[in-house]
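Residue-level structural notes
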Amino acid sequence: VMNLDGTVIDSFVQASAPSVRGMASTYSGIKAFKSEGKTWIAWSAARDTISALLYTEWNGKIGKVSAIPIPRKLPAKNAIPNEVYVDEQGEMVYLVLNGNDEVMKLRWADKSVVWQQRTGGVAPYGITMANNKLYVTNWAGPVALDSNRERAGVPWGKVYTNPVTGATAQGTVSVMDPANGRLLKEINVGLHPNVATSSKDGKYVYISNGNSDDISVINTKSDAVSETIAVGMFQASFSKEGSSPNGLSLSKDNTTLFVSNGMDNAVAVVTLGKSSSTNGKGQSKIEGYIPTEAYPAGTVVMNDSLVVCNLEGEGVNVVTKEKNARGIHYQLGSVSIIPLPDASRLKEYTATVYNNALTNRMVMAMEPPRKNVAPVPIPARIGEPSVFKHVVYIIKENKTYDQVLGDMQGGRGDSSLTVFGERTTPNAHAIARQYGWMDNYYASGK
């Protein structure tokens, strides 16, 4: 828990509490709310086959942490609780169960289950309420019942897949009755829909689609998509996807949407149009991008500041004080607190984001190949000649350069960070000496 100046007020480490020891917080699902005159913090956690909604009272510091256990539904290995939604009165808590394909409604006064219903989709994730209806995103779309369509298995079920890419072919939003959990409608949206949020007047719901780089806007009166807003950095100029929008927040007047684009290391600033906001005009458009640290994965607008959670912080270059090497999965997260920029500052921010993304190299690579260009190792443009006929790319998965090759003389490495050096990986070192190695090369894949 922190102030907007970045000062940490209090913190809680789950390993310190015997009742929840060994549990890990899930990727999403945390909510602070008031109920019966008290302030509560609730969040999702899981381990192995066990999952729970953890909660504590906040009264200037974090109180005792308690757990509401959530049974799994076979064949799921874990119920995997995710996003949390609390009604305005603080009486009812709605919890998405990603593994169970369900939503659970809890009465907060006695922590009892009011209902627990399937969403009608696969791998639900985000949830919000608008116009007295629940809107739940399904990562993998509808239940794959048609055996004539391309299907593939996820950890515990089947989903429709794209036969060309092998990825999920659909994403959906389930509309549910909050009174009893009955499925009212299923709406097709973009691929891998994740976070859902709603306008203050309840007329619109916004869905971030991580694998199609856009936002689906749902009109809650018709329960149909009223506008699809492209937010990726490379869609218009290069017809490329991969920005991975995964977090949404609205300005106070509900006219601006802030979208955290994980792979862009930036937040997209979107002015909402007449099909996406009660006060909107024309079509929605991107005003610019705000730079963040690595992989922003959630935003909140507070007191004219944008609070951004960065999953990977400064990246894998961060080490401990003892210079122990950190692996790919041991990156330190961070929180950015950014004053909302005016038009001039946003223009500067946008230029920084594009420079950081090396878009000038993308522009050059997409130019037509030139004639009579001498072969070089890496051609400047696609289609120009290279001195190499074949390239064999060997990478130690989930390892940094220093962990394996930091002891190679002549490379720009740090031998004090080497964990799997020549004694452990003699073949990798021999191949590097025979054919060459790269000490400053980066893979963009996740």
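Shown above is the structure to which this text applies.
A brief structural summary. (Residues numbered from 1 in each chain as written. Predicted model: local features only at pLDDT ≥ 70, side-chain atom pairs only at ≥ 80, totals over all residues. Heavy atoms only, no water.)

Before going further, it helps to spend a moment on the overall build of the protein. Of the regular secondary structure elements, the protein holds five helices and 25 strands. For the protein, the C-alpha radius of gyration of 24 Å lies close to 22 Å, the compact-globule estimate for 446 residues. The dimensions of the protein, computed from C-alpha atoms along their principal axes, are 70 × 55 × 55 Å. For the protein, with 446 residues in total, the buried portion stands at 45%. The contacts of the protein with a sequence gap of at least 6 include a subset with a gap of at least 24, amounting to 45%. Only carbon and sulfur atoms are counted for the fraction: they give 51% of the accessible area of the protein, which is about 24100 Å². If the 44 positive side-chain charges of the protein are averaged to one point and the 40 negative ones to another, these points end up 3 Å apart. (Helix = DSSP H or I, 4+ residues; strand = E, 2+ residues; numbered from the N terminus. Rg over C-alpha atoms; globule rule 2.2 N^0.38 Å. Buried < 20%, exposed > 50% of the residue type's maximum accessible area, 1.4 Å probe, protein only. Contact = heavy atoms within 4.5 Å. Areas by Shrake-Rupley, 256 points an atom, 1.4 Å probe, with all protein chains shown as cover. Lys, Arg positive; Asp, Glu negative; His and termini not counted. Charge placed at Lys NZ, Arg CZ, Asp CG, Glu CD.)

Quick look at the pairing of strand β17 (residues 214-219) now. Among the six residues of β17, five are classified as buried, and the element is accordingly described as predominantly covered. Two elements, strand β16 (residues 204-209) and β17, share six bridges in a ladder whose sense is antiparallel. For Y206, the partnering residue across the bridge sits in β17 and is V217. Counting the residues between successive antiparallel strands, the hairpin from β16 to β17 contains four residues, one of them, D213, with a positive phi of roughly 55 degrees. Pairing of β17 with strand β18 (residues 224-230) involves six bridges; the strand directions are antiparallel. Opposite V217, over in β18, you have E227 as the bridge partner. In this antiparallel pair of consecutive strands, β17 and β18, the connection spans four residues, and D223 shows a positive phi of 50 degrees. (Pairing = 2+ DSSP bridges.)

The subject of this paragraph is the sheet that holds strand β7 (residues 102-107). Taking strand neighbours across the sheet as the criterion, the four strands line up as β5-β6-β7-β8 in an open arrangement whose pairing is antiparallel. Of all the strands in the sheet, the pair left with one neighbour each is β5 (81-86) and β8 (112-118). With direction set aside, neighbouring strand axes in the sheet form an average angle of 20 degrees. (Axes fitted to C-alpha atoms, helices over the stretch in contact; angles between N-to-C directions.)

Right, let's get into the nonpolar core. Of all hydrophobic cores here, the largest spans 21 residues; its most connected members are Y206, I215, L257 and V259. Counting residues per element, this core draws most heavily on strand β21 (residues 266-271), at three residues. Setting aside residues up to four positions removed in sequence, I215 forms contacts with Y206, I207, S208, N209, E227, T228, I229, V231, L248, L257 and V259. If you look at the next biggest cluster of nonpolar residues, it comprises 16 residues, including L53, V93, M104 and L106. (Core = buried A, V, L, I, M, F, W, Y, C linked by side-chain atoms within 4.5 Å.)

Treat this as a map of the structure, not an account of what it does.
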